[in-house]
Amino acid sequence: AVVSTQSTGITDMVCDTEVIPGHDEEFLAHKGMLISARNIRDIILQNSVLEEAFERYPDYSLLILGHSLGAGTATLLSFLLRPDYPELKCFAYGPPGGLLSLPAVEKSREFVVSTVIDIEFSTRLSLASIQELRDCVLRAIQCNTRPKWRLTLSQVAGLFRGPEDEEQPLIQGCSGSQLLPSEQPRLFPPGHVVYIHRLEEQQPGCCDQYNQSNFEILSAPNTIFDHIVVRPQMLTDHLPDTLVKLLRGIRLPDSETRI
């Protein structure tokens, strides 16, 4: 049986944390997506969806998957259903970075596999990383003597230029300290992370910037996705079509490679 999830509305944007039901207090999760996962679980239970599926296909196992915010909801739905379906697996594609506390991350590695493409924004998106980006931008603007309209135009135009045309970045030498520190605990993406890493930048004008020969598959720690990388690929790396193309054609390593 396969349960698929997608982004489920405004509740996904709530940044508070909550303890995952049935676990200790240090097992924290993104509250908005946990609410969504509970709603989906209740619908599944009320309509006996899984019971009917396993009556028809008793030899099947349960697979839960989702993309982007749906990947976060799929992960938390897996936590909620796992007591009744201990053999279930979850595939999380481009999951949100601000999802689980570290103890919950370690537990999720038992049943969740996440797939992340290079600098896609979703897996680097958390309350802490947004605050850090905001503070870096404000600090850079305050320190820069050029007219603000010129700064804005040059940075927007930079999203459509090739690497050799890029001006000096607006944000450089920015410290990791925050102007307004968050009291929320840091959260991270779930499970074992399969990291599809870009080997080299595509040449300007290339008709196929996602040629599989320019990527490699690595096993990455969950804690490295704590900074938002502002480049054009941050959006296109996150698209489902990009993921499907790379997974279909990328060369698998001879042995597991870690970073």
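Anything mentioned here points back to the structure above.
Quick caveat: nothing in here was measured; it's all calculated off a predicted structure.

Points about the overall build of the protein chain
Within the protein chain one finds eight helices and eight strands. Counting the 259 residues in the protein chain, one finds 40% classified as buried. Sequence separation of at least 24 residues holds for 74% of the intrachain contacts in the protein chain that already meet a minimum separation of 6. If you sum the accessible surface of the protein chain, you get close to 14,200 Å²; carbon and sulfur atoms cover 56% of it.

Looking at helix H1 (residues 31-46)
The end-to-end C-alpha separation of H1 is 22 Å, in line with the 22 Å expected for 16 residues at 1.5 Å each. Trailing H1 by a residue or two, Ser48 shows a phi angle of about 50°, which is positive.

Some remarks on the pattern of salt bridges
Where charged atoms of side chains with opposite charge meet at close range, the side chains can pair. Under the counting rule described, the total for this entry stands at seven salt bridges. Across the salt bridge formed by Arg82 and Glu110, the nearest N and O atoms sit 3.2 Å from each other. Pair noted here: Arg82 is in the loop between helix H3 (69-81) and strand S5 (89-93) and Glu110 is in the loop between helix H4 (102-108) and strand S6 (112-117), with a separation of 28 residues, a long-range link. For Glu110, a relative accessible area of 42% gives the class partly exposed. Several salt bridges share partner residues, and in doing so they unite Arg82, Lys107 and Glu110 into one network.

Describing a negative patch on the surface
A cluster of acidic residues, Glu51, Glu52, Glu55 and Asp84, forms a negative patch at the surface. By the element assignment, Glu51 lies in helix H2 (residues 49-56). By relative accessible area, Glu51 is classed as partly exposed at 37%.

Some details on the packing of H1 against H3
Running from N to C, H1 and H3 cross one another at 60°; their axes reach a closest spacing of 8 Å. Regarding the angle of H1 to H3, the classification is oblique. The two elements H1 and H3 cross, and the hand of that crossing is right-handed. Where H1 abuts H3, its residues Met33, Leu34, Ser36, Ala37, Arg38, Ile40, Arg41 and Ile44 lie against Leu69, Gly72, Thr73, Leu76, Leu77, Leu80 and Leu81. Residues belonging to the contact of H1 with H3 are distributed by class as follows: 10 nonpolar, three polar and two charged.

Thoughts on the environment of Phe225
Residue position: Phe225 is located in the loop between strand S8 (215-220) and helix H7 (233-236). Sequence separation of Phe225 and Phe188 is 37 residues, and the distance between their C-alpha atoms is 7.7 Å. Every residue in contact with Phe225, bar those within four places of it in the chain, is listed here: Val116, Thr123, Arg124, Pro189, Val193, Tyr195 and Ala220.

Conventions we followed
- Residues numbered from 1 in each chain as written.
- Predicted model: local features only at pLDDT ≥ 70, side-chain atom pairs only at ≥ 80, totals over all residues.
- Heavy atoms only, no water.
- Helix = DSSP H or I, 4+ residues; strand = E, 2+ residues; numbered from the N terminus.
- Buried < 20%, exposed > 50% of the residue type's maximum accessible area, 1.4 Å probe, protein only.
- Contact = heavy atoms within 4.5 Å.
- Areas by Shrake-Rupley, 256 points an atom, 1.4 Å probe, with all protein chains shown as cover.
- Expected span 1.5 Å × (residues − 1).
- Salt bridge = Lys/Arg side-chain N within 4 Å of Asp/Glu carboxyl O.
- Patch = residues over 30% accessible without salt bridge, like charges linked within 9 Å, V, L, I, M, F, W, Y side chains within 5 Å.
- Lys, Arg positive; Asp, Glu negative; His and termini not counted.
- Charge placed at Lys NZ, Arg CZ, Asp CG, Glu CD.
- Axes fitted to C-alpha atoms, helices over the stretch in contact; angles between N-to-C directions.
- Parallel < 35°, antiparallel > 145°, perpendicular 65-115°, else oblique.
- Left-handed = near helix turned anticlockwise from the far one by under 90°.
- Nonpolar A, V, L, I, M, F, W, Y, C, P; charged D, E, K, R; others polar.

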